[in-house]
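One-letter residues, chain by chain:
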Amino acid sequence: MTQKKHPTPPQILDTQVVAQSRLFTVETLDLRFSNGEQRQYERIRGGGRGAVLIVPVTENDELILVREYCAGTNDYQLGFPKGLIDPGESPEQAAVRELKEEVGFGAHSLKALKQVSLAPSYFNAHMHIIAATDLYPERLPGDEPEPLEVVYWPTSQWQQLLAEPDFTEARSVAALLLLVKAS
């Protein structure tokens, strides 16, 4: 069952940049809704290129994950390889490149699982979740400041992965559940 979408988005009366960094622009929006109500919202604009998160599955039916530093939580998190889509790249090309950079494998077979948005009330970013199989060894230099820890996890033990205290990133959790559903 599909819900009917609201027919008219609010009118943007004014947009002001209130902060800018190398990665993000923070804006205020003055909005008028279809019922006449006016409100000010804030949003973060990314670069607009999108990103990929890859769920690599080996021929031995193991998931390949990485443990890497996350500045937002100031700790190390276990999750799937991911990265921005470079200008001119398709999501599939970015997925293969990121796999090579982060875990040392390419993929002959890719399957789009879903495109998701990240905190759409505040952020315009979207991510393509892609399953990768028929892997082959190939490494490209990455841009990480330290080597990533590569972790192999039996797909059959996906429920135990959900219980891991450092496997908390919502995008990785969603990707795992989408993979299990597609299997």
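Criteria and thresholds
- Here, residues in each chain are numbered from 1, in the same order as that chain's written sequence.
- Selection of residues for local features in this predicted model requires a pLDDT of at least 70, selection of side-chain atom pairs for listing and counting requires 80 or more, and totals for whole chains, interfaces and linings are taken over all residues.
- Excluding hydrogens and water, the side-chain figures rest on all heavy atoms present in the structure.
- Runs of E in the DSSP output that reach at least two residues are strands. Runs of H or I that reach at least four are helices, and both are numbered from the N terminus.
- To estimate how far a helix should reach, multiply one less than its number of residues by 1.5 Å.
- Summary of the burial criterion: residues with accessible area below 20% of their type's maximum are buried, those above 50% are exposed, and those between are partly exposed, where the area comes from a 1.4 Å probe applied to protein chains only.
- To obtain the arc, one takes the directions from the helix axis to the C-beta atoms.
- Residues are treated as being in contact if the distance between any of their heavy atoms lies within 4.5 Å.
- Between the rings of Phe, Tyr and Trp (Trp by its six-membered ring), a pair exists once the centres lie within 6.5 Å; its type follows the angle of the planes, with under 30 degrees stacked, over 60 edge-to-face, and the other angles tilted.
- We call two strands paired when DSSP finds no fewer than two bridges between them.
- Fitted lines through C-alpha atoms serve as axes, helices being fitted only where they are in contact, and the angles separating the N-to-C directions of these axes extend from 0 to 180 degrees.
- Nine residue types can take part in a nonpolar core, namely buried Ala, Val, Leu, Ile, Met, Phe, Trp, Tyr and Cys, and a core is a set of them joined through side-chain atoms within 4.5 Å.

A. Structural context of helix H3 (residues 170-182). Along its 13 residues, H3 runs 18 Å from first to last C-alpha, staying within 8% of the 18 Å computed at 1.5 Å per residue. Within H3 the residues assigned to the buried category are Ser172, Ala175, Leu176 and Leu179. The arc that holds every buried residue of H3, seen down its axis, measures 100°, which confines them to one face. Across from the buried face of H3, at angles greater than 90 degrees, the exposed residues are Ala170 and Lys181. Contacts made by the buried residues of H3 are with strand S4 (51-56), strand S5 (62-70), strand S6 (75-79), strand S8 (105-117), strand S9 (126-137) and helix H2 (158-163).

B. Seen up close, the packing of aromatic side chains. Here the structure, examined in full by the defined rule, presents 4 aromatic pairs. Ring geometry for Phe33 and Tyr41: centres 6.0 Å apart, planes at 45°, overall tilted. Residue class for Phe33 comes out partly exposed when judged on its relative accessible area of 27%. Assessed through its relative accessible area of 38%, Tyr41 is described here as partly exposed. Centroid distance Tyr69 to Tyr76: 5.7 Å. Interplanar angle 65°. Geometry classified as edge-to-face. Residue class for Tyr69 comes out partly exposed when judged on its relative accessible area of 38%. Exposure remark for Tyr76: the relative accessible area of 40% places this residue in the partly exposed category.

C. Highlighting the environment of Gln159. For Gln159, the location among the structural elements is in helix H2. Accessibility expressed as a relative area gives 53% for Gln159, which makes it exposed. Residues Gln159 and Leu177, spaced 18 residues apart in sequence, show a C-alpha to C-alpha distance of 9.5 Å.

D. View of the sheet that holds strand S2 (residues 25-32). Spatial ordering of the open sheet is given by S1-S2-S3, a layout of 3 strands whose pairing is antiparallel. Every other strand in the sheet has two partners, leaving strand S1 (11-20) and strand S3 (38-45) as the edge strands with one partner each. Averaged over all adjacent pairs, the angle separating strand axes in this sheet is 20°, with direction ignored. Bridge analysis of S2 against S3 gives 8 bridges, and the strand direction is antiparallel. Bridge assignment links Arg32 to a residue of S3, and that residue is Gln38.

E. Structural view of the nonpolar core. Membership of the largest hydrophobic core comes to 22 residues, with the highest contact counts inside it found for Val55, Leu63, Leu65, Phe80 and Leu161. Where this core is concerned, the elements lending two or more residues are S4, S5, S8, S9, strand S10 (149-154) and H3. In this structure, Ile54, Val66, Ile85 and Leu99 belong to the second largest nonpolar core, which totals 14 residues.

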